[in-house]
Amino acid sequence: MRPWITTPLMRAWQAGFNRSGHSGAPEPPVSSGEAGAPARAALKVRTAWISDVHLGTPGCQADALLDFLRHLECETLYLVGDIIDGWQLRRHWYWPQAHNDVVQKLLRHARKGTRVVFVPGNHDEFARHFLDQAFGGIEVRDECIHALADGRRLWVTHGDLYDGVIQCARWLALVGDTLYEFTLKLNRHLNSLRARLGLPYWSLSKYLKLKVKRAVSYVADFEQALAREARRREVDGVVCGHIHHAEIRDIGGVLYCNDGDWVESLTALVEHPDGSLAIVEWGPHMAGLATRPQPTAVDACATSSAG
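Residues numbered from 1 in each chain as written. Predicted model: local features only at pLDDT ≥ 70, side-chain atom pairs only at ≥ 80, totals over all residues. Heavy atoms only, no water.

Peer 1: For this particular structure, what's the right way to read the overall build of the chain?
Peer 2: Counting its regular elements, the chain contains ten helices and 14 strands. For the chain, with 307 residues in total, the buried portion stands at 49%. Counting every atom, the chain has about 14400 Å² of accessible surface; 57% of that belongs to carbon and sulfur. (Helix = DSSP H or I, 4+ residues; strand = E, 2+ residues; numbered from the N terminus. Buried < 20%, exposed > 50% of the residue type's maximum accessible area, 1.4 Å probe, protein only. Areas by Shrake-Rupley, 256 points an atom, 1.4 Å probe, with all protein chains shown as cover.)

So, in structure tokens, the structure goes:
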């Protein structure tokens, strides 16, 4: 990425560190966000993975992510790429206060003892110029291996390097990104209308990805490519993002985990103290409708066979 976009982003990151690390301001109390409503309990896990936040775009649901981060207590937090959307910022600068608050909250987690590891993706590829460095206590890594509590080893990567479109036809990926942004804008207008009619939230782009045959084939090819690479690396599984589709499943004996996104699905992958994994959908948690996430059937099987 050009220096004119890289430099301001890193300056904003460092400025956030200075404010978060030295302001001395107390941490706001964890609350439900609604006056008179009971406070929600903290989400206490061993490890959490989030990706595809896309700070710097109108589609980023920064307020929901802030709520998640305020309730999260973990030993290690992985930022699995596309945290900052450099592609969009290069076309149009968009950086409201809520996006800066997310950066400061991540830095606060690091300052308070959480190990925070940033694995850049294609949208924040500018950070790949700073591998093996740390900013405000946040480590920047090209990829890494995470050891679960039960001994299984997971390879952590954003996944864009195993996306044929990104690698072989970058121009097509840029066109697709523009179309995706248009779909998100259309989705916001559509759901504003649905809300006035008393209808629940509905994701147009998720519907299109799941229903269009080529999109389904693309997702399947992506998952298979990562599973093959994880098998070649002789690890037990892989954690990735990139395709905005949260999932935990077994692919030929390899545990494939995708932590989803914070544009539409509001999902994270978490590891409980016993090494079991679960997808957390934060929308129901914000509404006070969800309980502690449980490991999926796939992961429960993987856990029992790992010993």
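Peer 1: Would you mind showing me how to read unusual backbone geometry here?
Peer 2: Trans peptide bonds make up the majority, and among non-glycine residues the majority have a negative phi. Unusually for a residue other than glycine, histidine 54 sits at a positive phi of about 60 degrees. Inspection of the secondary structure assignment puts histidine 54 in the loop between strand E2 (47-50) and helix H2 (62-71). Of note in the backbone geometry, aspartate 82 takes a positive phi value of approximately 55 degrees without being a glycine. Its place among the elements puts aspartate 82 in the loop between strand E4 (76-79) and helix H3 (86-91).

Peer 1: Any chance you could explain the confidence of the model for the chain here in plain terms?
Peer 2: Low pLDDT means the predicted atomic positions in that stretch should not be read closely. Chain-level statistics for the chain give a pLDDT mean of 79 and a share of 65% at 70 or above. Note that pLDDT drops below 50 for residues 31-37; the model gives that stretch eight contacts with residues more than four away or on any other chain. (pLDDT = per-residue confidence, 0-100. Contact = heavy atoms within 4.5 Å.)

Peer 1: Just checking my understanding: could you explain the packing of aromatic side chains for this structure?
Peer 2: Two aromatic rings, taken as a pair, are described by how far apart their centres are and by the angle between their planes. Summed over all chains, the structure comprises six aromatic pairs. Aromatic pair phenylalanine 130 and phenylalanine 135: ring centres 5.5 Å apart, planes at 85 degrees, arrangement edge-to-face. Both residues of the pair, phenylalanine 130 and phenylalanine 135, count as buried. An aromatic cluster of at least three residues, connected via ring pairs, comprises Phe68, Trp262 and Trp282. (Phe/Tyr/Trp six-rings, centres within 6.5 Å; stacked < 30°, edge-to-face > 60°.)

Peer 1: Looking at this structure, I do not really get the packing of H2 against helix H4 (residues 97-111). What am I missing?
Peer 2: The packing of two helices is summarised by the inter-axis angle and the distance between the axes. Contact pair H2 / H4: the axes reach a minimum separation of 9 Å and the direction vectors enclose 20 degrees. With respect to their mutual orientation, H2 and H4 come out roughly parallel. In this structure, H2 meets H4 at a crossing whose hand is left-handed. Contact residues: H2 offers Ala62, Asp63, Leu65, Leu66, Leu69 and Arg70, while H4 offers Ala98, His99, Asp101, Val102, Lys105, Leu106 and His109. In terms of residue class, the contact of H2 with H4 is built from seven nonpolar, two polar and four charged. (Axes fitted to C-alpha atoms, helices over the stretch in contact; angles between N-to-C directions. Parallel < 35°, antiparallel > 145°, perpendicular 65-115°, else oblique. Left-handed = near helix turned anticlockwise from the far one by under 90°. Nonpolar A, V, L, I, M, F, W, Y, C, P; charged D, E, K, R; others polar.)

Peer 1: Explanation requested: the sheet that holds strand E13 (residues 267-271) in the structure shown.
Peer 2: Backbone hydrogen bonds are what pair the strands of a sheet, in a parallel or an antiparallel way. Pairing within the open sheet is mixed, and its seven strands lie in the order E6-E7-E5-E4-E2-E13-E14. Each edge of the open sheet carries a strand with a single partner, namely strand E6 (134-135) and strand E14 (277-281). Pairing analysis gives four bridges linking E2 to E4, with the strands arranged parallel. If you follow tryptophan 49 over to E4, its bridge partner there is tyrosine 78. (Pairing = 2+ DSSP bridges.)

Peer 1: Just to check I follow, could you spell out the sheet that holds strand E8 (residues 144-147) for this structure?
Peer 2: Strand order in the open sheet formed by five strands is E8-E9-E10-E12-E11, with mixed pairing between adjacent strands. Of all strands in the sheet, those bounded by a partner on one side alone are E8 and strand E11 (247-251). The sheet shows a mean angle of 25 degrees between the axes of neighbouring strands, direction not considered.

Peer 1: Looking at this structure, how should I read the nonpolar core?
Peer 2: Within soluble globular proteins, side chains that are nonpolar tend to cluster in buried spots. In this structure, Ile50, Phe68, Leu72, Leu77 and Trp262 are the most contacted members of the largest nonpolar core, which totals 40 residues. Looking at which element gives the most residues to this core, the answer is H2, with six residues. (Core = buried A, V, L, I, M, F, W, Y, C linked by side-chain atoms within 4.5 Å.)

Peer 1: Help me understand the pairing of strand E10 (residues 237-240) in this model?
Peer 2: In E10, alternate side chains face the same way, and those of Gly237 and Val239 on one face and Val238 and Cys240 on the other are all buried. Here three bridges tie strand E9 (residues 153-156) to E10, and the two strands are oriented parallel to one another. By the bridge assignment, tryptophan 155 is partnered in E10 with valine 238. Two elements, E10 and strand E12 (residues 254-258), share four bridges in a ladder whose sense is parallel. Looking across to E12, one finds that valine 239 is bridged to cysteine 257.

Peer 1: Looking at this model, I keep getting lost on H4. Mind explaining?
Peer 2: Residue pairs spaced three or four apart in an α-helix point in one direction, given the helix's 3.6 residues per turn. Here H4 spans 21 Å end to end across 15 residues, near enough to the 21 Å set by a 1.5 Å rise per residue. For H4, a buried count of eleven out of 15 residues is recorded, marking the element as mostly surrounded by other parts of the structure. Along H4, the residues that are buried comprise His99, Asn100, Val102, Val103, Gln104, Lys105, Leu106, Leu107, Arg108, His109 and Ala110. Where H4 ends, the next residue or the one after it, glycine 113, has phi of about 110 degrees, a positive value. (Expected span 1.5 Å × (residues − 1).)

Peer 1: Quick question: what am I supposed to make of the side chain of arginine 152 here?
Peer 2: In this structure, arginine 152 sits in the loop between E8 and E9. With relative accessibility at 5%, the residue arginine 152 sits in the buried group. In terms of polar contacts, arginine 152 uses its side chain to reach the backbone carbonyl oxygen of glycine 275, at 3.0 Å. (Polar contact = N/O pair within 3.5 Å; in protein donor to acceptor, adjacent residues only side chain to side chain.)

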